[in-house]
Amino acid sequence: DINDFNLLKKKIKGTVFDILINTIVQYEVKDISTLIESNFYLGFKIYDTINKSENFKLIQFGSFYSKSIKISQLDSYLLSKESLMNYSKLLNFHQKTNIFYLQLEHLIGPDESIKKFNGWLKHNLLNDVDITLGSCNHYFDFIYIDDVINLVDLLINTTRFKNEFKFFEVGSGKATLLKSFVLDLKQSLNSKSQITFSGKGHLNE
């Protein structure tokens, strides 16, 4: 339980870590202090607590929303991720820790939460719920979770980098129209949902 940090310290006491993969994240802004704690501070707190091996590696995750949509710099989630990257650089500068920062494009995979768009969309399509969306005339680079895991595995095993901060933009390199993604998913799931895109009429095909 990451909320019980004293218990965490007891469980990891005496363990020497070769790698820390920080996947702690919160999307919802319940309150700003909780978001900063989870998305930014907690990973560094764990880093400072653990005993590290000589060849220790830290893997951090950032994200894009969309390159085709301008997101306000005040967006709290993206701002917390930007801070995570900047302080990862600072950590590397002062302690010469091997840090890999993976900035993910639009991640997809099975069992996604219905609080995320992909999970919500799939849930409604499987249950034949009618859906109203925006125009969906913007593009995403969809990357599958297994591809990210393969990259992490590669970075764990590589000896190419030594005490460096390395930034990786992680994506498929393919831009997909969101509207096409929605309609293709509907077809593949044999959904009877009726999908309405704002300003574009009613689509049932």
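(A) Up close: the overall build of the chain. The number of helices and strands found in the chain is 6 helices and 11 strands. Each of the three principal axes of the chain carries a C-alpha extent, and together these read 60 × 35 × 30 Å. Buried residues in the chain amount to 39% of all 205 residues. Counting only carbon and sulfur atoms, one obtains 53% of the accessible surface of the chain, whose full area is about 12500 Å². Counting 24 positive and 23 negative side-chain charges, the chain places the centres of these two groups 4 Å from one another.

(B) Spatial organisation of the pairing of strand β1 (residues 16–21). Here 5 bridges tie β1 to strand β2 (residues 51–63), and the two strands are oriented parallel to one another. Looking across to β2, one finds that Ile-19 is bridged to Lys-57.

(C) Fine view of the pattern of salt bridges. For the structure shown, the criterion picks out 1 salt bridge. When the shortest N-O distance is used, the salt bridge between Lys-116 and Glu-112 registers 3.8 Å.

(D) Structural view of helix α3 (residues 76–95). Helix length check: α3, at 20 residues, gives a terminal C-alpha distance of 28 Å against a target of 28 Å (1.5 Å per residue), a fit within 8%. Taken as a whole, α3 has its buried residues at Ser-76, Tyr-77, Ser-80, Lys-81, Leu-84, Met-85, Ser-88, Leu-91 and Asn-92. If you follow the buried residues of α3, they end up packed against α2 (32–49), β2, β3 (98–104) and β8 (165–170).

(E) Molecular detail of the sheet that holds β8. Pairing is parallel across the open sheet formed by 4 strands, whose spatial order is β1-β2-β3-β8. Lying at the two open borders of the sheet, with one neighbouring strand each, are β1 and β8. Recorded for the sheet is a direction-independent mean angle of 15° between the axes of neighbouring strands.

Procedures and definitions
Residues numbered from 1 in each chain as written. Predicted model: local features only at pLDDT ≥ 70, side-chain atom pairs only at ≥ 80, totals over all residues. Heavy atoms only, no water. Helix = DSSP H or I, 4+ residues; strand = E, 2+ residues; numbered from the N terminus. Buried < 20%, exposed > 50% of the residue type's maximum accessible area, 1.4 Å probe, protein only. Areas by Shrake-Rupley, 256 points an atom, 1.4 Å probe, with all protein chains shown as cover. Lys, Arg positive; Asp, Glu negative; His and termini not counted. Charge placed at Lys NZ, Arg CZ, Asp CG, Glu CD. Pairing = 2+ DSSP bridges. Salt bridge = Lys/Arg side-chain N within 4 Å of Asp/Glu carboxyl O. Expected span 1.5 Å × (residues − 1). Contact = heavy atoms within 4.5 Å. Axes fitted to C-alpha atoms, helices over the stretch in contact; angles between N-to-C directions.

Function cannot be inferred from these measures alone, as they are strictly geometric.
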